[in-house]
2 protein chains.
Amino acid sequence: MIMDTKTHRFVPGAEFPWQYKYEHMAVTTDCVIFTYEDWALKVLLVRRGEAPCKGMWAFPGGFLRNDETAEQGALRELKEETALVPSSPIVQLGVFSDVHRDPRERVLTVAFYALVKPSEVLGGDDAEEAAWFPVDAVPPLAFDHEKIFDAAMERLRRDIHFQPVGFDLLDETFTIPDLQRLYEAILGVKFDRRNFQRKILASGILEEAPVTAEPEMECFKESIPLEDMEITPEAVSMEPIERAPVHKKARPGRKGGWFTLNRKRYEELKEEEHKMEF
Amino acid sequence: MIMDTKTHRFVPGAEFPWQYKYEHMAVTTDCVIFTYEDWALKVLLVRRGEAPCKGMWAFPGGFLRNDETAEQGALRELKEETALVPSSPIVQLGVFSDVHRDPRERVLTVAFYALVKPSEVLGGDDAEEAAWFPVDAVPPLAFDHEKIFDAAMERLRRDIHFQPVGFDLLDETFTIPDLQRLYEAILGVKFDRRNFQRKILASGILEEAPVTAEPEMECFKESIPLEDMEITPEAVSMEPIERAPVHKKARPGRKGGWFTLNRKRYEELKEEEHKMEF
DNA sequence: GCAAAAGTGTTTCGTTTACACCCATGC
DNA sequence: GCATGGGTGTAAACGAAACACTTTTGC
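The paragraphs below set out a description of the structure included in this document. In this text the structure is predicted, and so the values were computed from the model without any measurement.

Reading the values: the criteria
- Numbers given for residues are sequential positions, taken from 1 along each chain in its written order.
- Lettering of chains starts at A and numbering of ligands starts at 1, both following the order in which they are written.
- Note on the predicted model: pLDDT of at least 70 is required for a residue's local features to be given, and 80 or more for side-chain atom pairs to be given and counted; whole-chain, interface and lining totals, by contrast, use all residues.
- With hydrogens and water stripped out, all remaining heavy atoms of the structure feed into the side-chain values.
- Two strands pair if DSSP finds at least two bridges between them.
- To qualify as a helix, a DSSP run of H or I must reach at least 4 residues; to qualify as a strand, a run of E must reach at least 2; elements of each kind are numbered from the N terminus.
- All axes are obtained by fitting lines to C-alpha atoms, using only the stretch in contact for helices, and the reported angles, taken between N-to-C directions, cover 0 to 180 degrees.
- By convention in these notes, a salt bridge is any Lys or Arg side-chain nitrogen within 4 Å of a carboxyl oxygen on Asp or Glu.
- Each residue's exposure class comes from its accessible area (1.4 Å probe, protein chains only) as a fraction of the maximum for that residue type: buried when under 20%, exposed when over 50%, partly exposed otherwise.
- The copies are overlaid by a least-squares fit using only the C-alpha atoms of residues whose pLDDT is at least 70 in both copies.
- Residue contacts are defined here by distance: any two heavy atoms, one from each residue, within 4.5 Å place the two residues in contact.
- Summed over both partners, the accessible area (1.4 Å probe) lost when two parts come together is defined as the buried area.
- N or O atoms within 3.5 Å of each other form a polar contact, as long as, within protein, one can give a hydrogen and the other can take it, and as long as residues adjacent in sequence are counted only when both atoms are side-chain atoms.
- Ten residues, namely Ala, Val, Leu, Ile, Met, Phe, Trp, Tyr, Cys and Pro, are considered nonpolar, four, namely Asp, Glu, Lys and Arg, are considered charged, and the remaining ones, Gly among them, are considered polar.
- Expected span of a helix, by definition, is 1.5 Å for each gap between consecutive residues, and there is one gap fewer than residues.
- The criterion for a disulfide is a pair of cysteine sulfur atoms lying within 2.5 Å.
- The patches described consist of residues with a relative accessible area above 30% and no salt bridge, like charges being joined within 9 Å and nonpolar side chains (Val, Leu, Ile, Met, Phe, Trp, Tyr) within 5 Å.
- Each accessible area is a Shrake-Rupley estimate made with a 1.4 Å probe; only the visible protein chains count as cover when residues are assessed.
- None of His or the chain ends enter the tally, which takes Lys and Arg as positive and Asp and Glu as negative.
- For charged residues, the charge sits on one atom: NZ in Lys, CZ in Arg, CG in Asp, CD in Glu.
- An angle counts as roughly parallel when it lies under 35 degrees, as roughly antiparallel when it exceeds 145, as roughly perpendicular when it falls between 65 and 115, and as oblique in every other case.
- Each pair of aromatic rings taken from Phe, Tyr and Trp, with Trp reduced to its six-membered ring, is defined by centres within 6.5 Å and is described as stacked if the planes are under 30 degrees apart, edge-to-face if over 60, and tilted in the remaining cases.

Here we take up the sheet that holds strand β2 (residues 18–20) of chain B. Across the sheet, four strands lie side by side as β1(A)-β2(A)-β2(B)-β1(B); this open sheet has antiparallel pairing. One side of each edge strand has no neighbouring strand; the edge strands of this open sheet are β1 (8–10) of chain A together with β1 (8–10) of chain B. Recorded for the sheet is a direction-independent mean angle of 15 degrees between the axes of neighbouring strands. Of the pairings in the sheet, the one linking strand β2 (residues 18–20) of chain A to β2 of chain B comprises three bridges and is antiparallel in character. Across the sheet, the residue bridging to Tyr 20 of chain A is Trp 18 of chain B, located in β2 of chain B.

In structure tokens, the structure reads:
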């Protein structure tokens, strides 16, 4: 490590070994991880085991080390706290730098967001105090994480308009109505089935899935009921999720094609940033 | 200031008075300020007077203090170094956190960008070592500022598609062809005059300017010739600006209406984020 | 008076929207 | 067999793109 002893030094064995000529601040990362499961958009939260905000839910994250970039630190903390390694890249939301956002000391945080597929979610289950919450039923959050959450939701809604990121939330194989419901859930609007289908097919982003036996939608897997999750009183007292009707078993009328993502076209469309309205 | 003496302390009079239990990093801000003058998009740079990268050009910025948010710090440094106070808000580009981006110590920077009107530019002239460079003739930059510059250009191009930010670069009063040239300069494309005019008028973002005598386009004011600016040899050796033809005096055919921005509609369109293509 | 810039309007074409009927499945 | 969800096509309306002629001004 290159070190400028004019501005700072390291004193091994000292109680406060890192010493600086000028005041420094702590830097943390936080990750807002979204998934789409049981017809609802959900976020990943961890319960804080330490003060401050002990016992409250927060986004996975932690202090950034000096030998890693913000992205590396965010991924490391995410893995440490939830055992999750997203298959799609994490993207920067921005910094949150309110002076008093942490009572201990001045802490600036770099927030990220990422989208993961339902099949990736299982990996997080062995983490002790991590849980998925539907976005319309998140409990009160630690620090200024509600602000971060709002920013993430806004950003997701914008991105989903201009980039085909919805696919990062779906498993390999899905149907067009599945995709449509996802868009409707996130954007909170209804689309015409036929127009949606025509446009999405015309965009060339879908490929017919090879008919490997019976493709199983991850969405229909059994998942831990919301009530079994350890959540704060405030969270349980919230009204039940209205916009996410539960029909886990099967859907009548299922016949239509199964599709997969055309990776190449996906990358192209991501570049172009067309506004997708259905 | 609330201070957690478990993790850090302040020792008055000590050579290195700020002492921490864990390693900390420095945080800086950098501002990419754009303006549009003499038919060209330009950025504001300052010459570094100190090592490292002494003598090189860089974006105005500096260390973030513990008692200010990133936005406040960015504006403070900008004002200190260039005497510029942008009338439109600065927006976050993101953090740049490469581990070795500064040779002295670990420095994470929060980058911002902002758009200023030509009439605001004059205020920066008394700053000793600040200068405006056409975006296609920027000299080599200090640290990883080229990366920041690339990110800013990309962001500006995207934003100008979806938000009516072009107006932040123009003076109060302008003509439609002025506006069109600005869009063409930034996006590097040509539009049909008639379609551009029809669309921009239909959007309702323009108001006819009150005919106060003879409105003077700031673009036509005399400005310091490029050659008089103190720039690095690398910068002068670059080929002349091709995409920015210089006709400063006046344009034949000038007759048409002068317009101003309809603030209310501007805010609305900013929210909507329609893709503007002409 | 000529060249270069700017004002104006219409037609064509493609895309978007709205809408109706039939089929498949589960209870 | 009925309710629900899903597949398909078409006509009308709107917005985008292409395009020509005239007017103004500076040299």
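Now that the structure has been shown, the text picks up again.
With that settled, consider the environment of Phe 133 of chain A. With respect to the helices, strands and loops of the structure, Phe 133 of chain A is situated in strand β9 (residues 130–134). Considered as a pair, Phe 133 of chain A and Arg 104 of chain A are 29 residues apart in the sequence and their alpha carbons are 28 Å apart.

Now for the pattern of salt bridges. Residues and elements named next belong to chain A. Following the criterion strictly, the structure yields 36 salt bridges over all chains and no others. The shortest N-O distance in the salt bridge between Asp 98 and Lys 147 comes to 2.7 Å. Taken together, the residues Asp 98 in the loop between β7 (91–96) and β8 (107–115) and Lys 147 in helix α3 (residues 145–162) connect sequence positions 49 residues apart. A cluster of three or more residues bridged by salt bridges with shared partners is formed by Glu 68, Arg 76, Glu 77 and Glu 80.

This paragraph deals with the pairing of strand β3 (residues 26–37) of chain A. Each regular strand shows side chains that alternate between the opposite faces of the sheet. Residues and elements named next belong to chain A. Burial analysis of β3 places 12 of its 12 residues in the buried class, which makes it a mostly covered element. By the alternation rule, side chains of β3 split into Ala 26, Thr 28, Asp 30, Val 32, Phe 34 and Tyr 36 and Val 27, Thr 29, Cys 31, Ile 33, Thr 35 and Glu 37, which are all buried. Alignment of β3 against β8, held across nine bridges, turns out to be parallel. Bridging from a neighbouring strand, Ile 33 pairs with Ala 114 of β8. Sheet analysis places β3 next to strand β6 (residues 61–63), joined by three bridges and oriented antiparallel. Counted as the bridge partner of Thr 29 is Gly 62 from β6. Two elements, β3 and strand β4 (residues 40–47), share four bridges in a ladder whose sense is antiparallel.

Superposition record for chain A on chain B: RMSD 0.0 Å, screw rotation 180 degrees, translation along axis 0.0 Å. Such a combination of rotation and displacement between the chain copies is what one expects of a two-fold axis. For chain A, the residue whose C-alpha comes nearest the rotation axis is Gln 19 of chain A, separated from it by 2.2 Å. Mapped onto chain B, 100% of the interface residues of chain A are again interface residues, and the two copies thus contact each other with one and the same surface.

Further remarks concern the interface of chain A and chain B. Many descriptions give the size of an interface as the accessible area lost when the pieces come together. Counting residues at the interface gives 48 residues for chain A, matched by 48 residues for chain B. The largest contributions to the chain A side of the interface with chain B come from Phe 16, Glu 23 and Asn 66 of chain A, which together make up 18% of the buried area. Between chain A and chain B we count four salt bridges in total. Across the pair Arg 9 of chain A and Glu 15 of chain B runs a salt bridge, and its minimum N-O distance is 3.9 Å. One can count 20 residue pairs in polar contact (both at pLDDT 80 or more) joining chain A with chain B. Elements with a contribution of two residues or more to the side of chain A that touches chain B: β1, β2, β3, α1 (70–82), β7, β8 and α3 of chain A. Grouping the constituent residues of the side of chain A that touches chain B by class yields 19 nonpolar, 11 polar and 18 charged.

To continue, consider α3 of chain A. Taking 1.5 Å as the rise per residue, α3 of chain A with 18 residues should run 26 Å; its terminal C-alpha atoms sit 26 Å apart, in good agreement. Taken together, the buried positions of α3 of chain A are His 145, Ile 148, Phe 149, Ala 152, Met 153, Leu 156, Asp 159, Ile 160 and Phe 162 of chain A.

Residues and elements named next belong to chain A. The end-to-end C-alpha distance of helix α4 (residues 176–187), which contains 12 residues, comes to 16 Å, matching closely the 16 Å that a straight helix rising 1.5 Å per residue would cover. For α4, a buried count of 10 out of 12 residues is recorded, marking the element as mostly surrounded by other parts of the structure. Along α4, the positions that sit buried rather than exposed are Ile 176, Asp 178, Leu 179, Gln 180, Leu 182, Tyr 183, Glu 184, Ala 185, Ile 186 and Leu 187. Against the buried residues of α4 lie β3, β4, α3, α5 (193–202), β10 (206–208) and β11 (259–261). Positioned one or two residues after α4, Gly 188 has a phi angle of 70 degrees, which is positive.

A few words now on the state of the cysteines. Counted by the stated rule, this structure contains zero disulfides over all chains. The thiol sulfur of Cys 53 of chain A is not disulfide-bonded, and the nearest other cysteine sulfur, from Cys 31 of chain A, lies at 18 Å.

To continue, consider a negative patch on the surface. Negative charge collects at one region of the surface, where Glu 146, Asp 150 and Glu 154 of chain A together with Glu 267, Glu 271 and Glu 272 of chain B lie side by side. Position of Glu 267 of chain B relative to the elements: it lies in helix α7 (residues 263–272).

Here we take up the packing of α4 of chain A against α5 of chain A. All names here are of chain A. The N-to-C vectors of α4 and α5 enclose an angle of 105 degrees; their axes lie 10 Å apart at closest approach. Comparing their axes, α5 and α4 come out roughly perpendicular. Between α4 and α5, the contacting residues are Ile 176, Leu 179, Gln 180 and Tyr 183 on the first element and Arg 193, Phe 196, Gln 197, Ile 200 and Leu 201 on the second. Per-class residue counts for the contact of α4 with α5 are six nonpolar, two polar and one charged.

Quick look at the packing of aromatic side chains now. All names here are of chain B. The full count for this structure, using the stated rule, is 16 aromatic pairs over all chains. For the ring pair Tyr 183 and Phe 196, a centre distance of 6.1 Å and an interplane angle of 65 degrees mean the geometry is edge-to-face. Highlighted residues: Tyr 183 in helix α4 (residues 176–187) and Phe 196 in helix α5 (residues 193–202), separated in sequence by 13 residues. Of the two residues examined, Tyr 183 and Phe 196, each falls in the buried class.

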